[in-house]
Every structure is written in C-alpha cells, then in structure tokens.
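# Examination of the molecular architecture
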Amino acid sequence: MVWAVTLLTACGGDGGTSTETGGGGTTSSSTTTGGGDTSSSSQGTSSPTTTSDETSTSTSTSDASTSSPTTTGDESAPDWVSEVPAGGGWFELTASEPFEQWAAANLEPATGYLGSAPIGAVRDAYCNPIFDHAGKAFYMFGGGHFDGSINAVFKLDAKTLKYSIAVPPTPPSAYPPAYTAPNSAIVYPSGASNGFFQSAETLMDPADTPFAAPFAAPQASHTYSAMSFVDGKLVLHYGPVRDADVVSGTWTYLDKNTYGPQLVEFDPNYGEAVLQSGTHTANDPETGKAWTTLVSGDAGLNWRTRVLVIEPTTHTIEAVVNAPWDVNGSSSIVVGGSHVYLFTPTVADELKTSTRGWRIDKATLAVEHLTLTGDLPSWPDGAPTQESVAIFWDGTRLNFWNYSVDADRDAFFRLDLEPASGSGTQEDPYVLAAERDQRPVSTMPAPALTYDLTYIDDWGVVLFLPKANAKLWAIKL
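Parameters and conventions
- Residue numbers here run from 1 along each chain, matching the order of that chain's written sequence.
- A pLDDT threshold of at least 70 governs which residues receive local features in this predicted model, and a stricter bar of 80 or more applies before side-chain atom pairs are shown or counted, although totals over entire chains, interfaces and linings include all residues.
- Computation of side-chain values covers all heavy atoms of the structure but excludes hydrogens and water.
- Here a helix means four or more residues in a row that DSSP labels H or I, a strand means two or more in a row labelled E, and each is numbered from the N terminus.
- The classification of residues rests on relative accessible area computed with a 1.4 Å probe and restricted to protein chains. Under 20% of the type maximum is buried, over 50% is exposed, and intermediate values are partly exposed.
- Contact definition: two residues touch when any of their heavy atoms are within 4.5 Å.
- Accessible surface area values rest on a Shrake-Rupley calculation with a 1.4 Å probe, where residue burial reflects the displayed protein chains alone.
- Every residue gets a pLDDT, meaning the predictor's confidence in that residue, from 0 to 100.
- Pairing between two strands requires that DSSP report at least two bridges joining them.
- What the arc covers is the set of directions going from the helix axis to the C-beta atoms.

A few words on the overall build of the chain. Tallying secondary structure elements over the chain gives five helices and 29 strands in all. Buried positions account for 59% of the 477 residues belonging to the chain. Taking all contacts inside the chain whose residues are at least 6 apart in sequence as the whole, residues at least 24 apart take part in 62%. Summing over all exposed atoms, the chain offers an accessible surface of approximately 17000 Å²; the carbon and sulfur share of this is 50%.

Written out as structure tokens, the structure reads:
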C-alpha cells in the first residue's frame, strides 16, 4: 500500500458495537433532492453458502433484497453543459464557486472546528464524493485524522452547480472535553462512549448532558472511495458503517462493526475488523449494489484480498468473490455494463502501471483474467498524491485517468473491452488494448487525492471538483 495511507491511518471511532439511531435532529435549511423514501436501516441476517466456483454467496432474510435502481431522473441537460466544448479538454466552469469558500461562508457555526484544514479536508483528505444518478447531485463527507473535524454532509447540485448542507455538522460546543483532535476517541466526562457523538436521548449522566449533540452523528473520517448513494441515503462502507439521510438531514444508522461479523460467517480467516483503509467501492447504477474491495489495510489481514457484493439498503454482504488475485489499497474497481472490472497495478522500476485486471460477471460472479496492452498509465510508486488510477465507464469503454502525472492530466487511456485474444483464464487471459486519447492542454490545478470520475451519461460529461479551493471542471468525451 502507498506510504501515505500507512502514515495517515484512517479514523472511524473505537466505540462499542451498539447501533445508534439519529433521532430528533435538526434538518438542513437547504433543499435537497436526494430523492426517495427512506429505507429500513435494520441489518439483514445472512447464511453463507459456497458455489461450485468457490465464490461465497449469502441469502438475505431481509425483506429488502435489492436496492432501488438509481438511473432514472431528469435527462435534460442544464445550460452549463452546452458551454463545454465537445471533444475538447478540461473546461473550468467559471460560474461555479470554490467549495472551501462557499462552506466558510455558510457553515453554522462558522468556527471552532478542529484540524489542520477543517473545511478543505472534506474534499482533500483521502475522500471521494459520491454521485446520486437519480437526483443528479454529488455528496461529500470526509476529513478525519488530523485534517478536520467537520462531519457535515455537503451536497453539490450538478444541474445548478450550487452547494448546500444536506446534514449539518456536530457543533464544536457539543464536543466532549476529551475530543481534542479529529481522530480523538469520543469519550464523555462520565466515561460513556459508543464511538459516536451522542444526543440527550442516550446521554443519561448529568456530567455528559451539557455536551449532548443535536442528533447522533459519526466523527469525520477519511472515506477513500467507499460510499454508496441509495434511496436518499449516503452509505459509508469503510470503517464503522454510517448512513446519512439527506432527506431528514440526520444520521439514521451508526454501527461500530456491521460487516465484520458477516465476514467471519463466510470464512473466519477474514476476521471481524471493520473494512480497512484503501477500501474502494464501485456502485452499480442499475441495481444499487455496492461492489467493494476487501483489503488488508492497517489490520494486516492477509486473507482480505477479495471483492464483496453488498446490498447497501440492508447493510448485507451478499457474496464474497474469490480469485487468485492481489486486491489492495491501490486497486481500482468499476462497473461497466454486465461486468465489474478490477485493476491492481504492477510495480517495476519504482513505477506503478496498470497492466493486469479481472472482470466479474454481475449475474454469475464468474471471474475472468485480463492483460492490458498498448498505452497504459504509470505513476510513481509511493506517490502521496495518487494511490489507484481513476476509472469510469462511458457506455462503451473504460477510461483511465492518470491525474497526478502532469503529462497525463489532459488525456484518457481508453480501454477497448473487446478482447484481442485470450480465453480469460489465468494461464491465457483476455488481452485488452488501451489507446491514449490526448486532449488540449488545460490549466486544471493538480487534483487532491481522488479515486474515481463520474460520467453523467444523460449529459455526456464528466463533472469534477479537483480540490476544495478550486472551481468545478468538466469535460465532454
């Protein structure tokens, strides 16, 4: 794993295993369009089975077995889309406002937060926004470690390019005295601790009640690219599992270790630890499923080199996909049509290069092996600005974006998914060819650490926030 992740261990709380529901909270004064009725936050139980191809599966006993599809919505493109030149380079949307500037002017309270960059950390500290395809909006939650304590969920409306606050932050006045840094344990004067900021509903000791939060909430943390958006809720799969309901403006599911007990039901070797640093999720816009890498992370659990199929509405691991691969924090995962693609770079001469991958059939979970040829992205091994290569599917090809290398920032490496040769086995992998698509040179600033780009299929564009102090940028394919 890249040294930056090793140094910046992610924070997620070390509290107990009790589930905390966020009740009685204040709602955001801004309008949100996350959409949909709120779903049950109860966890479905599962009994693991094993298929003949050694892929573990689970049968959920929850009534909600599938997520609502998230691809329906208003297909009409906003005016700003017409300003972006077709086939051109990255284009700055000058009408947009830098996130950091907007948040500084609109946060309530405005000050008192902890960390080296409380606002900027929401975007820049190992965090990747999640896109709601139905509502055409991005949601951001991040920070943590020593970077920032702001645990609000911010919304960016892709149509209007306007920000709002979907879930308000825990006010610093509600920080217990022991909470002195974004990665501090949340422990109240009486010693009460469940891993989260608690409300008066659960703080019964008079010594604690002066620090009661408006509603139960998690502390800020890195998120990597491990979030889903389903039925009006942001779901964070990494660390303690957390659901932010952007309709009610509260957190509706907080649990110390949702996935760990499920993992050991599949195989005790996976261990009960939370999902680790470097976890990466590919969300299927057709089904709502969260295809999530299971990596060893800081826990050093060597059996965790798998891919999970998660039903986010019930927090249920439905399957564990096994193959002879090396899944780690540098791995990229993306949904492309009927398959999920996974790429783990190889390292040579102090460079990481995307030369190999695998694809998983979404219906059967069958795994096929891939070798990449042609123009391939490479970046320095151990670079603190890039861990994995950002990938998105445009309906035809996979597009690799090597954002930390200046010479590659204005290009895509477009992968043809029709094999040139091979049979897809480990001994004879499919050979897929990549071709560099060079675009005009732009003045986009070097992005903060990012994990994915989102292609808005209805509009034919990618909309991107490079870093917290930048305006929005877009590109047409």
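So much for the structure itself; the text now carries on.
Detailed reading of the predicted coordinates is not advisable wherever pLDDT falls low. Averaged over every residue, the pLDDT of the chain is 87; the share at 70 or more is 84%. Predicted confidence for residues 1-54 stays below pLDDT 50, and this span has 167 contacts to residues more than four positions away or in other chains.

For strand β10 (residues 241-245), the tally of buried residues reaches five of five residues, placing the bulk of the element in the interior. Residues V241, D243 and D245 point to one face of β10 and R242 and A244 to the other, with burial holding for every one of them. Direction of pairing for strand β9 (residues 233-236) relative to β10: antiparallel, over a ladder of four bridges. Across the sheet, residue L236 finds its bridge partner in β10, namely R242. The turn joining β9 and β10, which pair antiparallel and follow one another in sequence, is formed by four residues; a positive phi near 70° is taken by G239. Between β10 and strand β11 (residues 250-255), which pair antiparallel and follow one another directly, the connecting turn spans four residues, one of which, G249, has a positive phi of 75°.

Turning next to the pairing of strand β28 (residues 461-464). Burial along β28 is two-sided: the face carrying V461 and L463 and the face carrying V462 and F464 are both buried. Relative to β28, strand β27 (residues 455-456) is paired through two bridges, and the arrangement is antiparallel. What sits directly across from Y455, in β28, is V462. The turn joining β27 and β28, which pair antiparallel and follow one another in sequence, is formed by four residues; a positive phi near 70° is taken by G460.

A word on the sheet that holds β28. With antiparallel pairing, the four strands of this open sheet are ordered in space as β3-β29-β28-β27. Because the sheet does not close on itself, it has two edges, and the strands there are β3 (91-92) and β27.

With that out of the way, let us pick up helix α5 (residues 259-266). Considered for burial, the residues of α5 that qualify are Y259, G260, Q262, L263 and F266. All buried residues of α5 project into a common sector of 160° when viewed along the axis, lining one side.

Our next topic: unusual backbone geometry. Here E108 and P109 are connected by a cis peptide whose omega angle stands at -5°. Structurally, P109 can be placed in the loop between α3 (99-106) and α4 (121-124). Although it is not a glycine, H315 adopts a positive phi angle of roughly 60°. For H315, the location among the structural elements is in the loop between β14 (306-311) and β15 (316-321). Judged by its relative accessible area of 0%, H315 falls in the buried class. At D349, a position not held by glycine, the phi torsion is positive, near 55°. Structurally, D349 can be placed in the loop between β18 (346-348) and β19 (351-353). Given a relative accessible area of 75%, D349 falls into the exposed group.

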